[in-house]
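# Architecture at a glance
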Protein chains: 2
Amino acid sequence: MGKKVDNNTEISPKGALFESRKGAGQSITMEAVGRLAGVSQVTVSRALSNPEKVSPKTLKKIQAAIDATGFVPNAVAGALASKRSKLISVLIPSITNIVYTSMVKAFTDSLAGSGYQILLSETGFEDGAEEALIAAHLSRRPDAVMLTGIDHSARSRMMLLGANLPIVELWDLTDSPIDVCVGFSHPESGRAVARFAIELGFTSVATVSAGDERATRRGDAFVQEFEKIEGNKVTSIVFGQTGSLAKGRAGLTKLIDEHDFKNSFIFCSSDNLAHGVLIEAQARGLKVPEDLAIVGFGDQELARSVDPLLTSVRVDRPALGQAAAKALLDQLKGGKVSNRIIDIGFEIIQRESTKPL
Amino acid sequence: MGKKVDNNTEISPKGALFESRKGAGQSITMEAVGRLAGVSQVTVSRALSNPEKVSPKTLKKIQAAIDATGFVPNAVAGALASKRSKLISVLIPSITNIVYTSMVKAFTDSLAGSGYQILLSETGFEDGAEEALIAAHLSRRPDAVMLTGIDHSARSRMMLLGANLPIVELWDLTDSPIDVCVGFSHPESGRAVARFAIELGFTSVATVSAGDERATRRGDAFVQEFEKIEGNKVTSIVFGQTGSLAKGRAGLTKLIDEHDFKNSFIFCSSDNLAHGVLIEAQARGLKVPEDLAIVGFGDQELARSVDPLLTSVRVDRPALGQAAAKALLDQLKGGKVSNRIIDIGFEIIQRESTKPL
DNA sequence: ATGAAAGCGCTAACAG
DNA sequence: CTGTTAGCGCTTTCAT
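Quick caveat: nothing in here was measured; it's all calculated off a predicted structure. (Residues numbered from 1 in each chain as written. Chains lettered and ligands numbered in written order. Predicted model: local features only at pLDDT ≥ 70, side-chain atom pairs only at ≥ 80, totals over all residues. Heavy atoms only, no water.)

## Some words on the protein's contact with DNA strand D
Here is the rule we go by: Here a residue counts as near a molecule or strand whenever at least one of its heavy atoms sits within 4 Å of it. In protein, a polar contact means a hydrogen-donor-capable atom and an acceptor-capable atom, both N or O and within 3.5 Å, with residues adjacent in sequence counting only if both atoms are side-chain atoms; elsewhere, any N or O pair within 3.5 Å suffices. Only DSSP runs of H or I covering at least 4 residues are called helices, and only runs of E covering at least 2 are called strands; the numbering of each starts at the N terminus. By the convention adopted, Pro, Cys, Tyr, Trp, Phe, Met, Ile, Leu, Val and Ala count as nonpolar, Lys, Arg, Asp and Glu as charged, and the other residues, Gly among them, as polar.
Taken together, 26 residues are adjacent to DNA strand D, and Gln41(A), Ser45(A), Val42(B), Thr43(B) and Thr58(B) come closest. Looking at DNA strand D alone, sugar and phosphate atoms form 64% of those within 4 Å of the protein. Within the backbone of Ala77(A), one N or O atom sits 3.3 Å away from a base nitrogen of DNA strand D. Take Arg84(A): an N or O atom from its side chain is 2.6 Å from a phosphate oxygen of DNA strand D. Put simply, the parts of the chain that give the surface near DNA strand D at least two residues each are helix 3 (41–49) and helix 5 (75–82) of chain A together with helix 3 (41–49) and helix 5 (75–82) of chain B. If you tally residues by element for the surface near DNA strand D, the top one is helix 5 of chain A, at four residues. Its residues assigned to classes, the surface near DNA strand D comprises eleven nonpolar, ten polar and five charged.

## Section: the relation of the copies chain B and chain A
Which entries qualify depends on this criterion: Copies are brought into register by a least-squares superposition over C-alpha atoms of residues with pLDDT of at least 70 in both.
For these two chains of identical sequence, chain B goes onto chain A by a turn of 180° and a shift of 0.1 Å along the axis, with RMSD 0.1 Å. The two molecules are tied by a two-fold rotation axis, judged by turn and shift. Among all residues of chain B, the one whose C-alpha sits closest to the rotation axis is Leu119(B), at a distance of 2.4 Å.

## Notes on the protein's contact with DNA strand C
Every one of the 25 residues lining DNA strand C counts as a neighbour, but Thr43(A), Arg46(A), Thr58(A), Gln41(B) and Ser45(B) are closest to it. Restricting the count to atoms of DNA strand C within 4 Å of the protein gives a sugar and phosphate share of 65%. The separation between a phosphate oxygen of DNA strand C and a polar side-chain atom of Lys83(A) is 2.9 Å. Secondary structure elements with two or more residues in the surface near DNA strand C: helix 3 and helix 5 of chain A together with helix 3 and helix 5 of chain B. Here the surface near DNA strand C gets four residues from one element, more than from any other, and that element is helix 5 of chain B. Looking at side-chain class alone, the surface near DNA strand C contains eleven nonpolar, ten polar and four charged residues.

## Points about the domain arrangement of chain A
All names here are of chain A. Spelled out, the test is: Start and end positions for the domains come from either an automated domain assignment or a database one. The criterion used for residue contact is that any of the two residues' heavy atoms lie within 4.5 Å. Here the quantity called buried area is the total loss of accessible area, with a 1.4 Å probe, experienced by two parts when brought into contact, counted for both. Put simply, a salt bridge is a Lys or Arg side-chain nitrogen that is within 4 Å of an Asp or Glu carboxyl oxygen.
Under the domain assignment, chain A is made up of domain 1 (3–73), domain 2 (86–184 + 317–345) and domain 3 (186–314). Put simply, the middle of domain 2 and the middle of domain 3, counted by C-alpha atoms, are 30 Å apart. Facing 14 residues of domain 2, the contacting portion of domain 3 comprises ten residues. Across the interface of domain 2 and domain 3, roughly 940 Å² is buried in total on both sides, 47% from carbon and sulfur atoms. Counting every contact that joins domain 2 to domain 3 gives one salt bridge. The shortest N-O distance in the salt bridge between Asp-172 and Arg-217 comes to 2.3 Å.

Next up, the structure:
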């Protein structure tokens, strides 16, 4: 290829450029740039990765050739040769859920300037899909992997371990992370809300939850802790998938219509659900918090904007994303991990939607 | 590499496996799998990409070797050799904004089974960042690119054109797309809402908008169309960044406190802003739609869940994402594009938050 | 400071 | 149906 113009080192740049534009996706190579600049391909490579090792004069010629051709280096070839892809795989359950995307945002923002790019996939909340996705991602030879949660199949864990990469599991904690986990204790947060409800004086409360694994663990812990006290009772409404305003409204409706729910206290597995409960309560003329206390989870923007303001469990998602990025970058830079289990904690933010009985 | 075990075709599989696990990221190759299965490397490649061209017996041996080693093919090498990366670049302004992520979701869901993966980046709403991101993405040699909007720098367009790939611009329309655009007319949607407000009988209205380029074009068109009628007047509140509940509340507050706004009709550039306006209105004891009519944009889930239900401009984002995926896949399959400008349209969904004066 | 040579692990012809 | 031979466009190592 390109033999016809082998002789035009400085003679016919346009010709060389033109030739490399024909055909589909025929892109310019370092060799072509080098020919134009009158240097070898390696020198072009060096000019891009170690400019200090190239003379200023040569550098300028190469830069001119790059500008003239619109050369964009082929990172695929680079990755193959160097065995570093500069790619980080990110797997989250849902790409449309702000809980996860906000962490990804903090994560990628922390990566800015490091040259890493993100290969993102959505796993869904059901098992099984993740395994195939992990294989697909590992085939791209990412330099690191970020997963959501700690619940991964044996085969997934085997593949990830076998890939021998920095791996971070986000948004949950375990004593035996694949590599590093950054999160908080879901059961502990459920128990904390239970104690909060007890302190407010409630004895019969409800939960409105999404059915995913983590929400379930929070809810179970909440029930267990709350019902530790003799005579206390929890009514639980669980929806199959992700929470939404509509499901929040439906949740309160169901509690009132089917469970003869007396106005008291509702712990929701997301702020969205809590907001739905709030809207339904207001539509029914119930006063919050006088007739009904509501606690959300996640402390989204809406918790600070609705009327009344929503009490919610805050998890510092930006800090989570940043800690995850740091854990990976530290390893990628060759450092050792000092701490494989990073507990970001949580905090109950009391606002207007709750008050003592 | 691997010379030491060259002689163990069937003798010491564990040895081969073990050897390939040592060292960082040392992954198994097709050659190693082939050695284990007693076939050449190419046959392993074929077994994976064209199993029908390999005898069932060989196939089984190869499968066993793959299972034994946990082999994951190196897609980087595959991409370099085949000049097809099976990667699609996706650039959206914000990864945490459901408007964009819902389209990406529809887009990727349409891609399921095709073997393509998504390289996702966030461009932000400011110019400049996109150019560097496009270069970074093109260096990965994606097979196609999806961009948001039609507003791209000359250099960006040049790079994209030079890459000679299927490209789709989403969420807007232009007569001169880089390749294909799938969207709707933002100005036309603004004018439609203006006519809607006029029909309802309003003469003095307001807008509460985010400051991004598309929201601005919708708002400008709204104002122009509405003020075509003698004596009509629009008060505009614009916020710098993305809309939010808090900004919606602040918007109404500003209108009332600073602009002496009389209860009438407010067109918001997103449902989030509209919801914020609604919350603030309710907090102030205003009745919607009796005292104040509100129109949102986007028809998010919340528009169908708040009380009163929110009138909004619906754009079929799933259809948009699907059409974009189809436009790209058609070209990737070698087909020609019949239609370079795909208008998905929009629709004003009238609900409880508006009524005739 | 620059270049030559040798791969990275695959796919794409072409043989048999 | 299977194998051989050439690359893909870079990075790495070793010379010069």
